[in-house]
Amino acid sequence: MDAILEDRKSQVKRSGEGSGICCERESVSGAVSQRACVYCGARVVLNPITDACHIVHGPIGCASYTWDIRGSLSSGDETYRNSYSTDLREKDIVFGGAIKLEKAIDELMELKSPRLVFVYATCIVGVIGDDVEAVCRQAQRKWGVRVIPVKAPGFSGTKTQGYKLACDAIMDYITPFAGGKKEFGVNILGDYNLAGELWIMKEYLKEIGVPVMTGITGDSSSQSLELAPRAILNVVQCAGSAAYLAERMEQEMGIPYVKASFFGIADTTASLYRIADAVKSSQARAKAEVFCKAQKAKVLPLVEKRKPRFEGKRAAIFVGGGFKAISLIRQFDELGMKCVLVGTQTGKKDEYEIMSSLLDEDAVLLDDANPAELERFLVEKGADVLVGGVKERPLAYKLGVAFMDHNHERKHALAGFEGIRNFVEELNLSMNSPVWKHL
Ligand code: SF4
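Residues numbered from 1 in each chain as written. Predicted model: local features only at pLDDT ≥ 70, side-chain atom pairs only at ≥ 80, totals over all residues.

Trainee: Outline the overall build of the protein, listing residues and values.
Mentor: Helices and strands together make up the secondary structure of the protein, namely 17 helices and 14 strands. For 439 residues, the compact-globule estimate of 2.2 N^0.38 gives 22 Å, and the protein sits close to it at 22 Å. For the C-alpha atoms alone, the extent of the protein along its principal axes is close to 65 × 55 × 40 Å. Expressed as a percentage of the 439 residues in the protein, the buried residues total 52%. Considering only intrachain contacts with a sequence separation of at least 6, the fraction spanning at least 24 residues in the protein is 73%. (Helix = DSSP H or I, 4+ residues; strand = E, 2+ residues; numbered from the N terminus. Rg over C-alpha atoms; globule rule 2.2 N^0.38 Å. Buried ≥ 20, exposed ≤ 12 C-beta atoms within 10 Å, placed from the backbone. Contact = placed C-beta atoms within 7 Å.)

Trainee: Can you explain the domain arrangement of the protein? Please cite residues and give values.
Mentor: In many reports, interface size means the accessible area that the parts give up when they come together. You can read the domains of the protein as domain 1 (6–24 + 311–408), domain 2 (38–177) and domain 3 (186–290). Using only C-alpha atoms to locate each centre, domain 1 and domain 3 end up separated by 27 Å. Across the boundary between the two partners, domain 1 contributes 12 residues, which contact 12 residues of domain 3. The residue inventory of the side of domain 1 that touches domain 3, partitioned by class, reads 2 nonpolar, 7 polar and 3 charged. (Domains from an automatic or database assignment. Nonpolar A, V, L, I, M, F, W, Y, C, P; charged D, E, K, R; others polar.)

Trainee: Give me the lowdown on the sheet that holds strand S10 (residues 314–319), citing residues and values where you can.
Mentor: Reading across from one edge, S1-S12-S11-S10-S13-S14 is the order of the 6 strands in this open sheet, with mixed pairing throughout. Looking at the sheet topology across the chains shown, the edges are occupied by strand S1 (12–14) and strand S14 (402–405). Across the sheet, the axes of successive neighbouring strands diverge by a mean angle of 15°, strand direction being ignored. Sheet analysis places S10 next to strand S11 (residues 338–344), joined by 6 bridges and oriented parallel. Residue pairing in the sheet places Ala-315 in a bridge with Cys-339 of S11. Helix-sheet contacts for helix H17 (residues 416–431) involve strand S13 (385–388) and S14, and the interaxial angle to S14 is about 155°. (Pairing = 2+ DSSP bridges. Axes fitted to C-alpha atoms, helices over the stretch in contact; angles between N-to-C directions.)

Trainee: Which residues make up the sheet that holds strand S6 (residues 186–189), and what are the values?
Mentor: Strand order in the open sheet formed by 4 strands is S7-S6-S8-S9, and the pairing between neighbours is parallel. Edge positions in the open sheet fall to strand S7 (212–216) and strand S9 (257–259), since each of these has one partner strand only. Put simply, the sheet's adjacent strands are angled 20° from each other on average, direction ignored.

Trainee: So what about helix H7 (residues 159–174)? Which residues, and what values?
Mentor: In a regular helix each residue adds 1.5 Å, so 16 residues correspond to 22 Å; H7 covers 23 Å between its end C-alpha atoms and thus fits that length. Counting buried positions along H7 yields 13 of 16 residues, so the element is predominantly enclosed. (Expected span 1.5 Å × (residues − 1).)

Trainee: Outline helix H13 (residues 322–334), supporting the account with residue identities and numerical values.
Mentor: The terminal C-alpha atoms of H13 lie 19 Å apart, and with 13 residues this matches the ideal 18 Å at 1.5 Å per residue to within 8%. Where burial is concerned, most of H13 is hidden: 10 out of the 13 residues are buried. All of the buried residues along H13 are Gly-322, Phe-323, Lys-324, Ala-325, Ile-326, Ser-327, Leu-328, Ile-329, Gln-331 and Phe-332. Just downstream of H13, Gly-336 is the residue with a positive phi angle, here 80°.

Trainee: Provide a residue-level description of the pairing of strand S4 (residues 116–121), including the pertinent values.
Mentor: For S4, a buried count of 6 out of 6 residues is recorded, marking the element as mostly surrounded by other parts of the structure. Where S4 and strand S5 (residues 146–151) come together, 6 bridges link them in parallel fashion. The residue of S5 that forms the bridge with Ala-121 is Lys-151.

Trainee: Summarise the site of the ligand; cite the residues concerned and give the values.
Mentor: As a matter of local geometry, the ligand sits amid Cys-37, Tyr-39, Cys-40, Gly-58, Cys-62, Tyr-65, Thr-122, Cys-123 and Gly-154. At the level of secondary structure, the elements contributing two or more residues to the shell around the ligand comprise helix H1 (38–46) and helix H2 (60–66). Its residues placed into classes, the shell around the ligand shows 6 nonpolar, 3 polar and no charged. (Near = placed C-beta within 6 Å.)

Trainee: Tell me about the packing of helix H11 (residues 265–278) against helix H12 (residues 282–310), and name the residues and values.
Mentor: It is at 9 Å that the axes of H11 and H12 come closest, and there the two elements cross at 165°. Relative to H12, the element H11 is oriented roughly antiparallel. Of the two elements, H11 crosses H12, and the hand of that crossing is right-handed. Judged by residue contacts, Ile-265, Thr-269, Leu-272, Tyr-273, Ala-276 and Asp-277 of H11 engage Ala-284, Arg-285, Ala-288, Cys-292, Lys-296 and Val-299 from H12. When the residues that make up the contact of H11 with H12 are grouped by side-chain class, the tally is 8 nonpolar, 1 polar and 3 charged. (Parallel < 35°, antiparallel > 145°, perpendicular 65-115°, else oblique. Left-handed = near helix turned anticlockwise from the far one by under 90°.)

Trainee: Describe in detail the packing of H11 against H13, supporting the description with residues and values.
Mentor: Packing of H11 against H13 brings their axes to within 8 Å, and their N-to-C directions diverge by 125°. With respect to each other, H11 and H13 are oriented oblique. Each of Ile-265, Ala-266 and Asp-267 in H11 lies in contact with H13, whose residues at this interface are Ser-327, Arg-330 and Glu-334. For the contact of H11 with H13, the residue count by class is 2 nonpolar, 1 polar and 3 charged.

Trainee: Can you tell me about the environment of Gly-179, naming the residues and giving the values?
Mentor: With respect to the helices, strands and loops of the structure, Gly-179 is situated in the loop between H7 and S6. When the 10 C-beta atoms within 10 Å are taken as the criterion, Gly-179 is described as exposed.

Trainee: So what about the environment of Ala-246? Which residues, and what values?
Mentor: Counting through the fold element by element, Ala-246 comes out in helix H10 (residues 239–253). Once the C-alpha coordinates of Ala-246 and Leu-233 are considered, the two residues, 13 residues apart in sequence, prove to be 9.5 Å apart. Discounting residues that sit within four places of it in the chain, Ala-246 has contacts with Leu-189, Asn-234, Val-236 and Tyr-257.

What follows is the structure, given as structure tokens:
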């Protein structure tokens, strides 16, 4: 633990250490966290609403940081692929940026006629104190279009706080549509249709006779979100970003929820069974059993063929949420690999406990890691592959470690049985690339 900052020591543990890991706290100053800011957390949740305009009230850097941030696909509108910014400069910081924001909203309404607008207040707006809520209220009255403020200065908490703010914004939008008649159907929460993964899940649920009302927010639109309160069940895919929304929808709209993960054979199968049971349909359960059996029969030959190339190798994981990390540990286990290092940006205590129970005693758990810690433990644990996102990729390559992209920018589906094929093939290509022999 000698290379770990004193204030970070409680967030770095061996799996076998009894006292548990400290998590869900703000990043330590100067630790150069891999975690994204509050505003980024809010933006990644709301961005996939395909017909919404997103105005970033702040310097241009905040907008460019999150522009087209996800590989979220749309079956219709492409409005969300653009990013709009008030481009605040020194003069605006001194004299205030509210008038600039008013003008930006007016211009956007005239040019694009959006059905829904989100306005994000970034760090500097939190400092100068522009009344973003008042500007949004006024614009909403003037244009008759929902203009929802998301007060998310990057410094005001953790990325999890950004998720909560986004969930509050969604509740703000859908609450007026609550109270109608329920329909036999589910919402999928916390899936962002990366590389079309929501479409894969929708197809699976269609196979077992369970219709999807809307994705929140993958491939959703202002209109599809209005249907959400009618669902009888919420299926939560990314618990880190959407569990809070599911809890609010349960309390305020009476919609129960189940957690689901579609990464790996075991979790995909268990999730389909869980959904079928939760909608209380024996027919859906029977169809799920038949469907999963057939899909497993298709995918297992590839898994078995590649398994000898993976067996005994060591994996390291650093991803956003704990629920995904748990699925990945199980998925590596299915391939005969051991996870020696597991970290997350926003994992929760109960999730770290599950991870601990699945890992060997000397595996390292890292909450809210920084590059120095990741590098140190990748070397110490002799990892053969790192699974992470865009910020972790160069770290792995510099150390000569194979890398696998499991982040929101990726262009290939990793969910469902299709995703297992992509996962196995990418892992094989990366780990067994001839390039590693030349280092
Ligand atoms: S909101 Fe703050 S921390 Fe986030 S990108 Fe903008 S300046 Fe950086």
